[in-house]
Amino acid sequence: MACQNCDFLGKGDIIYNSRLWQIALAPEQSYLGRCYVTLKRHTGDLADLSSDEILDFKELAENLENALKKSFNATMFNWSCLMNDAYQKKKPEPHVHWHFRPRYKEKVSFAGRIFEDSEFGHHYSRDRKIIVPKYVQKKIAGRIRKFYDKD
Ligand SMILES: [Zn+2]
């Protein structure tokens, strides 16, 4: 099985490993703190999640949103579960994962850069791509981690 999401587990800048999900920072940071939240089990449909996986996700979502509010003053959050790319293949092997994009009413200055959500209040842009250098990714991940799961 060649599932990119299964391969991705355990790699990248991990923010947190819950029992059943992994949070990793995306290298593309046009929305500061953008993460992938990936189910640790290979399954391709939200409707197939167990109650346990849903409850674990609920707690994770609460902690992650709180961490982003505390880290960077995020205003609200876009969660998308798409999985379209998997169906470009002859034998689709979708794997449940979320694209998590914090959204910002105000600009954020961090690690010597200005992050601005110029589409705030509207659908996120897929054209705007800001791949930040590794050292900036590490700083962003470090900041979020610091606030994750702490009151
Ligand atoms: Zn998989």
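Structure's up top.
The following refers to the structure shown. Bear in mind that the values here come from a model prediction, so they are computed numbers and not experimental data.

**Digging into the pattern of salt bridges**
Applying the stated criterion across every chain yields a total of eight salt bridges. Between Glu53 and Arg41 there is a salt bridge, and its shortest N-O distance comes to 2.7 Å. Here the residue Glu53 occupies a position in helix α2 (residues 51-72), and Arg41 occupies one in the loop between β3 (35-39) and α2, the gap between them amounting to twelve residues. The class of Glu53 is buried, set by a relative accessible area of 6%.

**A closer look at helix α3 (residues 134-147)**
With 14 residues, α3 extends 20 Å between its outermost C-alpha atoms, agreeing within 8% with the 20 Å of an ideal straight helix rising 1.5 Å per residue. Buried within α3 we find Val136, Gln137, Ile140, Ala141 and Ile144. On an axial view of α3, the arc spanned by its buried residues comes to 130°, and they lie on one face. Set apart from the buried face of α3 by more than 90 degrees, the exposed residues are Lys134, Tyr135, Lys138 and Lys146. For α3, the elements touching its buried residues are β1 (13-17), β2 (21-25), α2, β6 (108-110) and β7 (113-115). Just beyond α3, the residue with positive phi is Asp149, at close to 65°.

**Comments concerning the coordination of the zinc ion**
Surrounding the zinc ion are the protein donor atoms Cys3 (SG), Cys6 (SG), His42 (ND1) and His95 (ND1), at 2.0 to 2.3 Å. Viewed at the metal, the four donor atoms of the zinc ion are separated by angles of 104 to 116°, and the geometry they form is tetrahedral. Between consecutive donor residues of the zinc ion, the sequence gaps follow C-x2-C-x35-H-x52-H. One end of the pair, His42, is in the loop between β3 and α2; the other, His95, is in the loop between β4 (76-80) and β5 (97-103), with 53 residues separating them in the sequence. For His42, a relative accessible area of 28% gives the class partly exposed. For His95, a relative accessible area of 1% puts it in the buried group.

**Considering the pairing of β1**
Taken together, the four bridges between β1 and β2 define a ladder with antiparallel strand orientation. Residue pairing in the sheet places Tyr16 in a bridge with Ile23 of β2. Counting the residues that bridge the hairpin from β1 to β2 gives three residues.

**Looking at the pairing of β5**
Burial within β5 is extensive, with seven of its seven residues counted as buried. What you see with β5 is no split at all: His97, His99, Arg101 and Arg103 on one side and Trp98, Phe100 and Pro102 on the other are buried throughout. When β4 meets β5, the two strands line up antiparallel, connected through five bridges. Along β5, the bridge assignment pairs Ser80 with His99.

**Digging into the packing of aromatic side chains**
A full pass over the atoms with the stated rule returns nine aromatic pairs. Here the aromatic rings of Trp21 and Phe57 are separated by 5.1 Å at their centres, their planes lie at 50°, and the arrangement is tilted. With Trp21 in strand β2 and Phe57 in helix α2, this residue pair connects regions lying 36 residues apart in the sequence. No difference in accessibility class separates Trp21 from Phe57, as the two residues are buried. With centroids separated by 5.3 Å and ring planes inclined at 75°, the aromatic side chains of Phe57 and Trp79 adopt a geometry described as edge-to-face.

The rules behind these values
Residues numbered from 1 in each chain as written. Predicted model: local features only at pLDDT ≥ 70, side-chain atom pairs only at ≥ 80, totals over all residues. Heavy atoms only, no water. Salt bridge = Lys/Arg side-chain N within 4 Å of Asp/Glu carboxyl O. Helix = DSSP H or I, 4+ residues; strand = E, 2+ residues; numbered from the N terminus. Buried < 20%, exposed > 50% of the residue type's maximum accessible area, 1.4 Å probe, protein only. Expected span 1.5 Å × (residues − 1). Arc of directions from axis to C-beta. Contact = heavy atoms within 4.5 Å. Donors = N, O, S within 2.8 Å, 3.2 Å for Na, K, Ca; no water. Tetrahedral: all angles 85-135°; square planar, octahedral: opposite > 155°, others 65-115°. Pairing = 2+ DSSP bridges. Phe/Tyr/Trp six-rings, centres within 6.5 Å; stacked < 30°, edge-to-face > 60°.

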